[in-house]
Amino acid sequence: LTVTVRAFLDLYVSMTNVTGDRTVGRTQTITLEAGNAGMEPSWATVRLYTPDGIMGNETIFISNGAHAVILVNWTPATLGNGTLVATIVPANGTVADSVARNNTARMPVEILRKEEWNPALAIFGLAVGFAAIAIALAFRISRSKGARKRDRAALRISSAEELVSD
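The notes below deal with the structure included here. Going along each chain's sequence as written, the residues are numbered from 1 onward. Where local features are concerned, this predicted model is filtered to residues with pLDDT of at least 70; where side-chain atom pairs are given and counted, the filter is 80 or more; whole-chain, interface and lining totals use all residues. To obtain the side-chain values, all non-hydrogen atoms of the structure were used and water was disregarded.

Considerations on the sheet that holds strand E5 (residues 53-62)
Here is the rule we go by: A pair of strands is considered paired only if DSSP assigns at least 2 bridges between the two. Strands are runs of DSSP state E lasting at least 2 residues, helices are runs of H or I lasting at least 4, and numbering of each runs from the N terminus. Angles shown run from 0 to 180 degrees and are taken between the N-to-C directions of axes, each axis being a line fitted to C-alpha atoms and, for helices, limited to the stretch in contact.
With respect to topology, four strands assemble into an open sheet ordered E5-E4-E7-E8, the strand pairing being antiparallel. What marks the edges here is a single partner per strand, and that holds for E5 and strand E8 (104-111). Here the strands of the sheet are splayed against their neighbours by 15 degrees on average, with no regard to which way each runs. Where strand E4 (residues 42-50) lies against E5, nine bridges are found, and the strand directions are antiparallel.

Description of the side chain of Asp97
To be explicit about the condition: With a 1.4 Å probe rolled over the protein chains alone, any residue whose accessible area is under 20% of its type maximum counts as buried; one over 50% counts as exposed, and the rest are partly exposed. When charges are counted, Lys and Arg are positive and Asp and Glu negative, with His and the chain ends excluded. Any carboxyl oxygen of Asp or Glu within 4 Å of a side-chain nitrogen of Lys or Arg constitutes a salt bridge here. Think of a polar contact as two N or O atoms within 3.5 Å of one another; within protein, one of them needs to be a possible hydrogen donor and the other a possible acceptor, and neighboring residues in sequence only count if both atoms come from side chains.
By secondary structure assignment, the location of Asp97 is in the loop between strand E7 (80-90) and E8. Of the side chains bearing the opposite charge, Arg101 lies closest to the buried Asp97, which forms no salt bridge; the N-O distance is 8.9 Å. In this structure the side chain of Asp97 is engaged in a polar contact, spanning 3.2 Å, whose partner is the backbone nitrogen of Leu11. Among the polar contacts made by the side chain of Asp97, one reaches the side chain of Asn103 at a distance of 2.8 Å.

Description of the packing of aromatic side chains
The geometry of an aromatic ring pair is captured by two quantities: the separation of the ring centres and the angle between the planes. The line we're drawing: Stacked, edge-to-face and tilted labels apply to pairs of Phe, Tyr and Trp rings (six-membered ring for Trp) whose centres lie within 6.5 Å, assigned for plane angles under 30 degrees, over 60, and everything in between, in that order.
For the structure shown, the criterion picks out one aromatic pair. Judged by centre distance (5.4 Å) and plane angle (65 degrees), the ring pair of Trp43 and Phe61 falls under edge-to-face. Of the two residues, Trp43 sits in strand E4 while Phe61 sits in strand E5, which places them 18 residues apart along the sequence. Looking at Phe61, the relative accessible area reads 44%, which means it is partly exposed.

Structural notes on the nonpolar core
Applicable threshold: Take the buried residues of types Ala, Val, Leu, Ile, Met, Phe, Trp, Tyr and Cys, join any two whose side-chain atoms come within 4.5 Å, and each joined set is a nonpolar core. We call two residues in contact when some of their heavy atoms are within 4.5 Å.
Formed by 23 residues in total, the largest nonpolar core has its most connected members in Met15, Ile30, Leu32, Val46 and Ile88. Elements represented by at least two residues in this core include exactly strand E1 (11-19), strand E3 (28-36), E4, E5, strand E6 (67-74), E7 and E8. For this core, the element with the highest residue contribution is E1, accounting for four residues. Once you skip the residues sitting within four places of it in the chain, Ile30 turns out to touch Met15, Asn17, Val18, Leu48, Ile70, Leu71, Val72, Trp74 and Leu84.

Geometric descriptors of this kind do not, in isolation, establish any biological role.
Below, the structure written as structure tokens:
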């Protein structure tokens, strides 16, 4: 009886986090985890597809039983709903992945708004800014008047001391 044990490759990918405020033109950070649950180490290519097209294409070495965290920055260009898709495939092409069903991860994403200029908020911001400047100037002017009074009083005292000493 001859028993042959063959090593196998089982690459996987998952999306664990998407950060950002879901606005066109603002950067989102997508966290991917790529791993190898198999018994054979391998080079692997991880790709990220966004509603705007392919975003990342990273080739990494993954030992058996290991995983890697990959951060991809994406700045959405279009408004609306879409799907982020991450894939992992063996990079060398000679070793087949024995469990291919975990080689793709999908996450729906909705880009809610475009960054817009709001005139009402801008006017409110200017009003608050001008009020702060006016308060600062009033404080400085009142402080200056008080300082001048103290300086004149000190000058009178020193002048009186000079007269007494003469």
